[in-house]
Amino acid sequence: MLDKQMAEIECPGSKKRVKLDTIHLSIGADGFNATKATVTSVTAVAIGVLNLPIDVQSRLEFLIIPVVLPISVGKQDDPSFFRPVFDTLYNLEQKGIHIETDDMIIQADVQLDSITGDTPQLEKFAGMSGHTGKHS
């Protein structure tokens, strides 16, 4: 689906280089109660590729789901559980994606365009804690 955005760079005597346009990502999270007895809630994080056609962007087979976390209700949430996800995305934005096969090299820049979620999740993304909004 991204092939319309590829540019091939011919290099005589070497591997074919393919440069993709920037891959645009969106990250979203939502927490929900796992059971009727609200002892534990679950937070799911999903990353979508915005370059894909709008009708397939949210299909499960096209989403990246790096983390699903159980969180005890009533305890102070630790917003740092998003840190590995953001560190990886920051690294991708800085270095891009570089894939080398036997006969070609594929390169693409990566950009995080949006972060979505309900207020408690957005506060965690921002390094704050849950509904209270107190910085942790």
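Just above, that's the structure.
About the cut-offs
Residues numbered from 1 in each chain as written. Predicted model: local features only at pLDDT ≥ 70, side-chain atom pairs only at ≥ 80, totals over all residues. Heavy atoms only, no water. Buried < 20%, exposed > 50% of the residue type's maximum accessible area, 1.4 Å probe, protein only. Helix = DSSP H or I, 4+ residues; strand = E, 2+ residues; numbered from the N terminus. Pairing = 2+ DSSP bridges. Core = buried A, V, L, I, M, F, W, Y, C linked by side-chain atoms within 4.5 Å. Contact = heavy atoms within 4.5 Å. Expected span 1.5 Å × (residues − 1). Patch = residues over 30% accessible without salt bridge, like charges linked within 9 Å, V, L, I, M, F, W, Y side chains within 5 Å. Areas by Shrake-Rupley, 256 points an atom, 1.4 Å probe, with all protein chains shown as cover. Salt bridge = Lys/Arg side-chain N within 4 Å of Asp/Glu carboxyl O.

Is there a simple way to explain the pairing of strand β3 (residues 40-49) in this structure?
In the case of a regular strand, side chains alternate between the two sheet surfaces. In terms of burial, β3 is largely enclosed, as seven of its ten residues are buried. Across nine bridges, strand β2 (residues 16-33) lies against β3 in antiparallel orientation. Across the sheet, serine 26 pairs through a bridge with glycine 48, a residue of β3.

Looking at this structure, how should I read the nonpolar core?
Nonpolar side chains tend toward joint burial in soluble globular proteins. If you look at the biggest cluster of nonpolar residues, it comprises 19 residues, and the most contacted ones within it are Leu25 and Ile27. Looking at this core, the elements that each hand over two or more residues are β2, β3, β4 (64-72), α1 (83-95) and β6 (104-117). In terms of residue count, the dominant contributor to this core is β2 (five residues). Every residue in contact with leucine 25, bar those within four places of it in the chain, is listed here: Ile47, Gly48, Val49, Leu50, Leu89, Val110, Gln111, Leu112, Asp113 and Ser114.

Could you clarify how one ought to interpret α1 in this entry?
An α-helical turn contains 3.6 residues, so any two residues separated by three or four positions project in the same direction. Across its 13 residues, α1 extends 18 Å between first and last C-alpha, which sits within 8% of the 18 Å expected from 1.5 Å per residue. Downstream of α1 by one or two residues, glycine 96 has phi in the positive range, about 75 degrees.

Honestly, a nonpolar patch on the surface in this entry has me stumped. Any pointers?
On the surface, a cluster of nonpolar side chains totalling about 290 Å² of accessible area is made up of Leu60, Ile65 and Val68. Assignment of secondary structure puts leucine 60 in the loop between β3 and β4.

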